[in-house]
Amino acid sequence: MSDINTVSPSKALRPAPVALTWGVLVVAWGAFLLPQAGTGLLVGWPLNLVAFCLAIVIMVRGRTVAGILAMAASLVVSPLIYLFGLLVLLLATSFSDVDIDIQESGPVYEHHAPAPVETPSLQMTARSLGQREI
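Residues numbered from 1 in each chain as written. Predicted model: local features only at pLDDT ≥ 70, side-chain atom pairs only at ≥ 80, totals over all residues. Heavy atoms only, no water.

J.: If you had to explain the overall build of the protein chain to someone new, which residues and values would you point to?
T.: Across its full length, the protein chain carries three helices and zero strands. Buried residues in the protein chain amount to 22% of all 134 residues. Taking as baseline every contact in the protein chain between residues at least 6 positions apart, the subset at least 24 positions apart corresponds to 66%. When the accessible surface of the protein chain is totalled, it reaches about 11,100 Å², and 67% of it is carbon and sulfur. (Helix = DSSP H or I, 4+ residues; strand = E, 2+ residues; numbered from the N terminus. Buried < 20%, exposed > 50% of the residue type's maximum accessible area, 1.4 Å probe, protein only. Contact = heavy atoms within 4.5 Å. Areas by Shrake-Rupley, 256 points an atom, 1.4 Å probe, with all protein chains shown as cover.)

Structure follows, in structure tokens:
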């Protein structure tokens, strides 16, 4: 019989995708931090799932410590970065609609001083004693 093993290829031919896993995690974390609604859920979490599966592949291929580190980053660090990204999104959108406009706050009433009341004037005229009224 031959000495060639055709059932399982050697580990040297199939290296563990450690760099790929960390690259996918970094892209997922970048998607978590984008201050745009939906990027964390629609892009970040699927990429985080891919990184988790790649961490399992790393451990199966013999790089146990590297796989455990990648899995821990996927399970522990990713939710923390996601929550920080939500905070960034909240802060970015909370101040974007602030417009200071006096007219939007309601009608502005002008206060004037009350109109002067006209009183009949009492004018006294002095008549001289020797003058008659005609």
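J.: Which residues make up the side chain of S78, and what values go with them?
T.: Relative to the elements of secondary structure, S78 occurs in helix α3 (residues 64–94). Ignoring sequence-local partners within four residues, the contact set of S78 consists of L25, W29, F32, W45, N48 and A73.

J.: So what's going on with the nonpolar core? Which residues, and what values?
T.: In terms of nonpolar packing, the biggest core is built from nine residues, these being V24, L25, W29, F32, A51, L54, A73, I81 and Y82. Broken down by secondary-structure element, the contributors of at least two residues to this core are α1 (18–33), α2 (39–60) and α3. Ranked by residues supplied to this core, first place goes to α1 with four residues. (Core = buried A, V, L, I, M, F, W, Y, C linked by side-chain atoms within 4.5 Å.)

J.: Residue-level account of the confidence of the model for the protein chain, with values.
T.: Of all residues in the protein chain, 70% have pLDDT values of 70 or greater, and the mean over the chain is 81. Ranking the elements of the protein chain by mean pLDDT puts α3 last with 92 and α1 first with 95. (pLDDT = per-residue confidence, 0-100.)

J.: How would you summarise α3 if you had to cite specific residues and measurements?
T.: Counted at 1.5 Å a residue, the expected span for α3 with its 31 residues is 45 Å, and the 44 Å between its end C-alpha atoms agrees. For α3, the principal kink sits at V77 and spans about 35 degrees; a proline, P79, occurs within the next four residues. Within α3, burial applies to A66, G67, A70, M71, A73, S74, S78, I81, Y82, G85 and L89. Against the buried residues of α3 lie α1 and α2. (Expected span 1.5 Å × (residues − 1). Bend = angle between axes of the 7 residues up to and from the residue.)

J.: So what about the side chain of N48? Which residues, and what values?
T.: Secondary-structure assignment places N48 in helix α2. The buried category is assigned to N48, whose relative accessible area is 5%. N48 has contacts with L25, A28, S74 and S78, leaving out every residue within four places of it along the chain.

J.: Before we move on, can you summarise the packing of α1 against α2 with the specific residues and values?
T.: Running from N to C, α1 and α2 point in directions that differ by 160 degrees, and their axes come no closer than 8 Å. As far as their axial angle goes, α2 and α1 are roughly antiparallel. Crossing angle aside, the handedness with which α1 passes α2 is left-handed. Between α1 and α2, the contacting residues are V18, L20, T21, V24, L25, V27, A28, A31 and F32 on the first element and T39, G40, V43, G44, W45, L47, N48, V50, A51, L54, A55 and I58 on the second. Of the residues that constitute the contact of α1 with α2, the class distribution is 16 nonpolar, five polar and no charged. (Axes fitted to C-alpha atoms, helices over the stretch in contact; angles between N-to-C directions. Parallel < 35°, antiparallel > 145°, perpendicular 65-115°, else oblique. Left-handed = near helix turned anticlockwise from the far one by under 90°. Nonpolar A, V, L, I, M, F, W, Y, C, P; charged D, E, K, R; others polar.)

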